[in-house]
Amino acid sequence: MFKKILIANRGEIAVRIIKTCRKMGIATVQVYSEADAGSLAVEMADEAVLIGPAPAAQSYLLADRIIEAVRATGAEAVHPGFGFLSENAGFARRLRDEGIAFIGPNPEAIEAMGDKITSKKFAAEAGVSTVPGHMGLIETPEEAVKIAREIGYPVMIKASAGGGGKGIRVAEGDADMAEGFAAVKAEAMAAFGDDRVFLEKFIVDPRHIEIQVLGDKHGNVVHLFERECSIQRRNQKVIEEAPSPLLDDATRMAMGAQAVALARAVNYDSAGTVEFVAGQDKSFYFLEMNTRLQVEHPVTELITGVDLVEQMIRSAWGEKLAFAQKDLRIDGWAIESRIYAEDPYRGFLPSIGRLVRYEQPEEGERDGYVVRNDSGVREGDEISMFYDPMIAKLCAWAPTREGAIDGMARALEDTHLAGLGHNVPFLAAVMEQERFRSGQLSTSYIKDEFPDGFHGLAPDRGRRDVMIAAATAMNEILAEQAGDPSDRTDWIVLIDREAHGVSLGYDDEEALTLELAGEDRSLRLSDIDWRPGLGQFRAVLDDVPFTAEVARVPDGFSIRSGAARARVRVLTPRVAELYARLPEKQAADTSKLVLSPMPGLVVAVPVAVGQEVKAGETVAIIEAMKMQNILKAERDGTVKAVSARAGDPVAADDVLVEFA
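Residues numbered from 1 in each chain as written. Predicted model: local features only at pLDDT ≥ 70, side-chain atom pairs only at ≥ 80, totals over all residues. Heavy atoms only, no water.

Just checking my understanding: could you explain the sheet that holds strand 27 (residues 512-516) for this structure?
As a general point, the strands of a sheet are linked pairwise by backbone hydrogen bonds and lie either parallel or antiparallel. Reading around the barrel, the 8 strands line up as 25-26-27-28-29-30-31-32 and close back on themselves, with antiparallel pairing between neighbours. This sheet shows a mean twist of 35° between the axes of neighbouring strands, independent of strand direction. Its contacts with the sheet place helix 12 (residues 401-413) against strand 29 (536-541) and strand 30 (544-553), and it is angled at close to 30° to strand 30. (Pairing = 2+ DSSP bridges. Helix = DSSP H or I, 4+ residues; strand = E, 2+ residues; numbered from the N terminus. Axes fitted to C-alpha atoms, helices over the stretch in contact; angles between N-to-C directions. Contact = heavy atoms within 4.5 Å.)

What is the right way to read empty space enclosed by the protein from this model?
Unfilled space is identified by rolling a water-sized probe across the atoms. Under the counting rule described, the total for this entry stands at 2 cavities of 30 Å³ or more. Each pocket or cavity is described by its volume, and for the second largest cavity that value is around 40 Å³. Breaking the lining of the second largest cavity down by element, the ones donating at least two residues are helix 12 and helix 13 (424-432). Looking at side-chain class alone, the lining of the second largest cavity contains 4 nonpolar, 1 polar and 4 charged residues. (1 Å grid on protein atoms, 1.4 Å probe; cavity = no way out; pocket = protein on both sides within 12 Å on 5 of 7 lines; lining within 4 Å. Points joined across faces, edges and corners; volume = space filled by probe spheres on them. Nonpolar A, V, L, I, M, F, W, Y, C, P; charged D, E, K, R; others polar.)

Would you mind showing me how to read the pairing of strand 34 (residues 600-604) here?
When a strand is regular, its side chains alternate between the sheet's two faces. As paired strands, strand 34 and strand 39 (residues 649-650) are joined by 2 bridges and run antiparallel to one another. Residue pairing in the sheet places glycine 600 in a bridge with valine 650 of strand 39. Where strand 34 lies against strand 36 (residues 618-624), 3 bridges are found, and the strand directions are antiparallel. Counted as the bridge partner of alanine 604 is isoleucine 621 from strand 36.

I keep staring at the packing of aromatic side chains and nothing clicks. Help me out?
Two descriptors summarise a pair of aromatic rings, namely the distance from one centre to the other and the angle between the planes of the rings. As enumerated under the stated definition, the model contains 13 aromatic pairs in all. Relative to phenylalanine 102, the ring of phenylalanine 91 lies with its centre 6.2 Å away and its plane at 90°, an arrangement referred to as edge-to-face. Here phenylalanine 91, found in helix 4 (residues 89-97), pairs with phenylalanine 102, found in strand 5 (residues 101-102); they are 11 residues apart in sequence, far enough to count as distant. This pair shows no difference in class: phenylalanine 91 is buried, exactly as phenylalanine 102 is. Aromatic side chains phenylalanine 276 and phenylalanine 284 sit 5.4 Å apart centroid to centroid with 90° between the ring planes, which places their arrangement in the edge-to-face category. Like phenylalanine 284, phenylalanine 276 is buried. The ring of tyrosine 340 carries arginine 233 above its face, with NZ or CZ at 4.6 Å from the centroid. (Phe/Tyr/Trp six-rings, centres within 6.5 Å; stacked < 30°, edge-to-face > 60°. Buried < 20%, exposed > 50% of the residue type's maximum accessible area, 1.4 Å probe, protein only. Lys NZ or Arg CZ within 6 Å of the ring centre and 35° of its normal.)

Even after reading the chapter, I still don't get the sheet that holds strand 11 (residues 221-233), so can you show me in this structure?
Taken in spatial order, the 9 strands line up as 14-13-10-11-12-15-23-21-20 in an open sheet, and their pairing is antiparallel. Of all strands in the sheet, those with a lone pairing partner are strand 14 (284-290) and strand 20 (364-365), marking the two edges. Pairing of strand 11 with strand 12 (residues 236-242), which is carried by 4 bridges, proceeds in the antiparallel orientation. Opposite glutamate 228, over in strand 12, you have glutamate 241 as the bridge partner. The strands that helix 10 (residues 297-304) touches are strand 10 (207-215), strand 11, strand 12, strand 15 (333-340), strand 21 (370-375) and strand 23 (390-398); relative to strand 15, the one it contacts most, it runs at about 155°. Helix 13 contacts strand 12 and strand 15 of the sheet and is inclined by roughly 150° relative to strand 15.

Please explain the layout of surface pockets as it appears in this structure.
In this structure, the second largest pocket occupies an estimated 520 Å³ of space. The set of elements that each furnish at least two residues to the lining of the second largest pocket consists of helix 12, helix 13, helix 16 (461-481) and strand 30. In the lining of the second largest pocket, the residues fall into 9 nonpolar, 3 polar and 10 charged.

Help me out: how do you make sense of the pattern of salt bridges in this one?
Under the criterion given, the structure shown has 62 salt bridges. Of the charged contacts in the structure, one is a salt bridge between lysine 120 and glutamate 200, with a shortest N-O distance of 3.0 Å. One end of the pair, lysine 120, is in helix 6 (residues 116-125); the other, glutamate 200, is in strand 9 (residues 197-201), and 80 residues separate them in sequence. Glutamate 200 shares its class with lysine 120; the two are buried. (Salt bridge = Lys/Arg side-chain N within 4 Å of Asp/Glu carboxyl O.)

Sorry if this is basic, but what is going on with the side chain of arginine 560 here?
Here arginine 560 is to be found in strand 31 (residues 556-561). Engagement of the side chain of arginine 560 in a polar contact is seen with the backbone oxygen of glycine 562, the distance being 2.7 Å. Not counting the four nearest positions on each side in its chain, arginine 560 is found in contact with Thr415, His422, Val424, Pro425, Ala548, Glu549 and Arg565. (Polar contact = N/O pair within 3.5 Å; in protein donor to acceptor, adjacent residues only side chain to side chain.)

The values are spatial; any link to function lies outside them.
This is the structure in structure tokens:
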């Protein structure tokens with residue numbers, strides 16, 4: 001077995017690989033850019049080598065630097081993780097030529113299946129069902145429009161070398177095609193160094209289902225069942241689960257057989273994923289093959305008990321698979337939530353900065369479920385604009401899908417982040433939705449369920465009870481610490497502007513009791529775990545444990561319970577009466593301003609002072625975290641001022657363009 005492996009990646013996947021290497025007794029070398037010098041992966045690895053500045057094109061994408069690090073440290077093999085050089089056949093071939101093992105498939109398999117255009121042609125020749133499209137290269141927007149009309153809108157514009165949701169647009173008509181074609185080519189060149197683009201028919205109301213395959217160098221190939229990855233935004237997966245709630249055994253076997261046949265056809269010899277787009281009627285079409293480890297591989301590991309990173313290492317070493325297809329079974333259900341540094345309240349735009357607070361749920365067995373948290377950052381780390389904004393992959397396993405969803409909801413409650421925007425409230429909202437719980441999924445789920453964007457969920461009775469109990473308890477604790485405990489038992493709790501009368505007391509076990517005025521019911525709060533300064537309030541409400549995210553704000557508290565967030569005040573009846581008379585604060589009028597939605601770099605501002613602009617026209621393009629974000633005018637108007645130009649760095653809410 002290898003004695004030393006170099007990890008040509010960063011973040012949570014580098015940490016994940018290090019953990020398996022430690023289990024196998026293999027030493028690790030972590031390469032890093034200047035931005036990652038203090039990262040968790042660098043700290044955990046046995047050795048670390050600086051390979052360049054922060055931009056990936058000057059560090060993680062430079063094969064020469066990585067090979068130099070291999071030679072300098074005496075590593076015998078390279079694990080590329082996902083992204084960067086993981087699907088670069090030239091890199092894999094060069095390692096082979098220099099006698100360095102590549103922990104991934106052979107270069108020929110990468111070439112056959114890693115390129116999206118070639119893979120579709122190959123799949124069609126192998127008899128695999130494929131989506132209608134144009135597999136040839138397309139050079140101009142005019143050519144793209146012509147082909148799209150022949151295929152029939154809607155059409156997917158996809159980068160041939162794409163992955164991770166980057167380099168993808170859906171065009172509903174000619175205007176979308178012309179604009180999206182240029183954007184996809186630019187994103188593809190920036191992220192992958194390859195601007196080739198192809199088109200395929202967009203299947204309406206589709207589901208994204210993929211089959212995990214695993215092969216060795218002796219011709220053995222198995223599949224480890226499916227994952228469903230239909231919950232996506234901007235074509236990037238957010239929530240994945242295994243198995244899929246759509247498939248029956250017959251469809252599962254058919255998809256698995258196609259995936260294995262395809263892998264055998266290219267002599268596949270590592271972990272890989274065959275992706276399908278599936279209709280609600282269980283029809284399915286080959287989409288692409290990812291010739292690498294997938295981001296969402298933990299859910300497969302949780303339902304099969306197979307360590308995929310370990311199997312990749314053993315395959316690269318030349319070992320035969322230690323199990324056959326008949327030995328593999330689905331055990332229980334697993335769900336993964338990708339926790340991103342992004343603001344769901346602002347269209348899921350990236351949010352960079354320092355992770356001021358990061359409390360993670362305890363891993364391992366809990367009450368009826370298991371928690372796994374793959375993370376590459378710690379409290380105090382910086383989330384950089386140069387890389388993917390992922391903070392962690394939070395997973396929950398349980399014997400049933402319902403149990404896994406409930407376990408995930410609790411694990412999300414136990415996750416606390418501060419210092420930047422994050423999508424935990426959105427993930428919590430999905431776990432609460434009846435549509436998700438029923439398994440009625442599609443890739444348009446987010447657009448369908450949140451057509452006007454995500455604004456949180458209104459607190460239902462259970463969430464209101466949590467807010468009332470937590471705020472009342474914190475109010476009592478603060479009064480006691482200030483040396484000014486009140487004998488008052490009657491309070492008004494305002495949740496935003498909604499009033500709830502509460503009468504306090506204590507039972508024989510010293511638990512706080514709250515009689516709710518006009519509701520003929522009471523709440524019992526026990527096992528309180530909170531003190532001033534803590535960002536999480538933990539307790540047991542009516543025998544059910546919960547965790548709420550809390551912060552002190554002027555004259556009250558900001559409390560988030562699941563996807564519901566509110567400002568909560570605990571007031572005397574007289575003060576509450578006066579609050580009811582206060583006018584609501586009006587938001588500032590920004591209708592004439594185009595603001596930068598995130599920190600990033602200005603790619604272009606294609607308007608000038610005095611220019612008349614129609615609603616829907618592009619007024620600025622901002623790039624952050626390898627993605628281009630096109631900002632369009634929301635109404636007709638005349639440009640009064642332009643405050644930024646191409647190449648300028650901008651912060652969130654900086655004014656880019658002002659209309660008269």
